Every structure is written in structure tokens, then in C-alpha cells.
Amino acid sequence: MIYSIADLHFDNTGDKSMDIFGENWQNHEEKIIENWKKLVKDDDLVLIPGDISWALKAQGAYADLKKIEDLPGKKVMSKGNHDYWWQSLNKINQFGFKTIELLQNNSFIYNDVGIVGTRGWSPIDRILEDNHDKKIYRRELNRLKLSLESLAYKPSKIIAMIHYPPFNSDLTPNEFVDMMKEYGVDICLYGHLHAEGHRYAVEGKIEDIEFHLVSSDYIDFKPKKIL
């Protein structure tokens, strides 16, 4: 089985409460862990499209990542806008985790399913006047391309993980979707939207790609079965 859940927002310090997004966020770490253990088996895969830990540096994220490492299944993670600890893959890889893989300009194959992705960025139609944001947007688009092109062969299915919704302000598909379509992506998983932001959710089949919003509060803090 392949499951997905984004926006874990784990915080081993207890300093970053997510309760501002609603009462359902109370004890959200415990909810996620409990639901995960009920659903996921050791030979399953869990895809985590960003906002994993509130830590600012790799060492500070160790305790949060160790919680995930100890949960059932293999995990593939991509970066979110709050994953400040994700600065150096070498530092994170030095932890020697056995069940966690990090997605950055690369890809993974699981039972003939290709896993690709990147963080993404805010809708380009909102940031046309901001050169800095435009550069980030273009860089993220290129990282998705690098990830897609890193696949050693064309697997039976391709799943793209992206933290930001790959849509314009009017909820039409943006250039990230165009690229996914060009490279034959079958499924796209994204997060980032919380509470009132759920009204911007876009799901279902668009441009021959199946979209899933997997923000943890949107899926009731329960990993969603994708395949």
C-alpha cells in the first residue's frame, strides 16, 4: 500500500502550537502516530509532502524525525515551506535513518511506482512583481524537472509530491501541472492548506492527473491510502 500525509508539524520542544488553526489540532502528533500505527504496515510506503518538523536546524529535527523513523513503513519526504531544518542532506543522512528517504532533485522507485517531487511555491500570478519569489518559483519548477528526469526508467505509475498547491489563484492548473503532464505523472499529492484554507482544495482528475490534498487536518490526521 502507498499512503500519504503532509503537514505533520511535529515539535519536540512544545513551543509551536497549531491550535490557532482549530481545536482539532489539539494533540495532533498523538493522533497522527496512533492512526499511522493502526493503518500502516512495515512493507507499506508513506509519502510526506512537507512541513514535517518545526525545528530550525538538522540536529533540532532529530527527535521529530526519529519518531517518524520508528513508525511502520518506508517513508519518502519532500520539503515544505516550514522545514528550515532541511538545509543539508549530508547532515540529515548522517543520522543513519533506515526507513526515511529525502526527495531533493532525485527520485525513488517503490514496486514499479516512481516517486518524484519538490516543494513548489506560491502561485506565479500573485508574485509577478516580486523578482525574489519569481526566482524561487522557477527554481522549484526546475527541481521538479530534475526529479522527473532522474527516474531511471518509465515506471508503471508516477506520483509527484509537492507541498504548495500546484494551482493559480483562480484554482486553474499552473506550470507545475503542465510539467507533470509532459512527463506522464499519474498522481499528484500536495499539502499546505489548513482550516479555512481547505476551501481552496482541488481534488480529482484534472489534465489526466489525479490530485489529492493530504494536509493532516484535511484528512483528519490519518494517512490517506493512495494506491
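Everything discussed here concerns the structure shown above.
Structure report, in brief. (Residues numbered from 1 in each chain as written. Predicted model: local features only at pLDDT ≥ 70, side-chain atom pairs only at ≥ 80, totals over all residues. Heavy atoms only, no water.)

## Some words on the sheet that holds strand β5 (residues 108–110)
And step 1. On the basis of which strands lie adjacent, the open sheet formed by six strands has the order β5-β6-β7-β8-β10-β9 and mixed pairing. Each edge of the open sheet carries a strand with a single partner, namely β5 and β9 (204–206). Neighbour-to-neighbour, the strand axes of the sheet open up by a mean angle of 30 degrees, direction not taken into account.
And step 2. The sheet strands contacting helix α4 (residues 131–149) are β6 (113–118) and β7 (157–162), and the helix crosses β6 at an angle near 160 degrees.
And step 3. Running over the sheet, helix α5 (residues 175–182) touches β6, β7, β8 (187–190) and β10 (209–213) and is turned about 135 degrees from β10. (Pairing = 2+ DSSP bridges. Helix = DSSP H or I, 4+ residues; strand = E, 2+ residues; numbered from the N terminus. Axes fitted to C-alpha atoms, helices over the stretch in contact; angles between N-to-C directions. Contact = heavy atoms within 4.5 Å.)

## Considerations on the sheet that holds strand β3 (residues 74–78)
Strand-to-strand pairing in sheets goes through backbone hydrogen bonds, with the strands running parallel or antiparallel.
And step 1. Ordered by their spatial adjacency, five strands build an open sheet running β4-β3-β2-β1-β11, and the pairing between neighbours is mixed. A strand with exactly one partner marks an edge of an open sheet, and here the two such strands are β4 (100–102) and β11 (224–225).
And step 2. Contacts between helix α2 (residues 58–69) and the sheet are confined to β2 (45–49), β3 and β4, with β3 contributing the most and set at about 140 degrees to the helix.

## Section: the pattern of salt bridges
And step 1. Scanning the model with the defined rule gives ten salt bridges in all.
And step 2. The partner of Glu140 in a salt bridge is Arg143, and the shortest N-O contact between them spans 3.5 Å. Taken together, the positions of Glu140 and Arg143, both in helix α4 and three residues apart, correspond to about one turn of that helix.
And step 3. In this structure, Lys181 and Glu207 form a salt bridge, with 2.8 Å as the shortest nitrogen-oxygen distance. With Lys181 in helix α5 and Glu207 in the loop between β9 and β10, this pair connects stretches of sequence that are 26 residues apart.
And step 4. Through salt bridges with shared partners, a single network forms among Arg119, Glu140 and Arg143. (Salt bridge = Lys/Arg side-chain N within 4 Å of Asp/Glu carboxyl O.)

## A short note on the pairing of β7
The side chains of a regular strand alternate between both faces of the sheet.
And step 1. The buried fraction of β7 is high, at five of six residues.
And step 2. Where β6 and β7 come together, six bridges link them in parallel fashion. The residue bridging Thr118 from the neighbouring strand is Ile162, located in β7.
And step 3. Examined bridge by bridge, β7 and β8 share four bridges and lie parallel to one another. Bridge pairing in β8 places Met161 opposite Leu189.
And step 4. Remark: the β7/α5/β8 crossover connection has right-handed handedness. (Buried < 20%, exposed > 50% of the residue type's maximum accessible area, 1.4 Å probe, protein only. Right-handed = clockwise from strand over helix to strand, strands pointing away.)

## Some remarks on the packing of α4 against α5
And step 1. As a packed pair, α4 and α5 sit with axes 10 Å apart at the nearest point and diverge in direction by 15 degrees. On the basis of their axis angle, the class for α4 and α5 is roughly parallel. The handedness of the crossing between α4 and α5 comes out as right-handed. Counting all contacts with α4, which are made through Tyr137, Arg138, Glu140, Leu141, Leu144, Lys145 and Leu148, the residues of α5 involved are Glu175, Phe176, Met179 and Met180.
And step 2. When the residues that make up the contact of α4 with α5 are grouped by side-chain class, the tally is seven nonpolar, no polar and four charged. (Parallel < 35°, antiparallel > 145°, perpendicular 65-115°, else oblique. Left-handed = near helix turned anticlockwise from the far one by under 90°. Nonpolar A, V, L, I, M, F, W, Y, C, P; charged D, E, K, R; others polar.)

## Some words on empty space enclosed by the protein
And step 1. Overall, the coordinates contain one cavity of 30 Å³ or more when judged by the stated rule.
And step 2. Around the largest cavity sit Ser78, Lys79, Trp86, Leu103, Gln104, Asn105, Gly117, Thr118, Arg119, Glu140 and Arg143, which together line it.
And step 3. Mapped by element, the contributors of at least two residues to the lining of the largest cavity are β6 and α4.
And step 4. Within the lining of the largest cavity, the residues separate by chemical class into two nonpolar, five polar and four charged. (1 Å grid on protein atoms, 1.4 Å probe; cavity = no way out; pocket = protein on both sides within 12 Å on 5 of 7 lines; lining within 4 Å. Points joined across faces, edges and corners; volume = space filled by probe spheres on them.)

## Some details on the side chain of Arg119
And step 1. By secondary structure assignment, the location of Arg119 is in the loop between β6 and α4.
And step 2. Judged by relative accessible area, Arg119 falls into the buried class, the value being 11%.
And step 3. Excluding residues within four positions of it along the chain, Arg119 makes contact with Lys79, Gly80, Asn81, Ile136, Arg139, Glu140, Ile162, His163 and Tyr164.

## So, the environment of Ile68
And step 1. Its location among the elements puts Ile68 in helix α2.
And step 2. Overall, Ile68 belongs to the buried group, its relative accessible area being 0%.

## Let's talk about α2
And step 1. Considered for burial, the residues of α2 that qualify are Ala58, Ala61, Asp64, Leu65, Ile68 and Glu69. Down the axis of α2, the buried side of the element spans an arc of 150 degrees, and every buried residue falls inside it.
And step 2. Along its buried surface, α2 packs onto α1 (28–39), β2, β3, α3 (89–93) and β4. (Arc of directions from axis to C-beta.)

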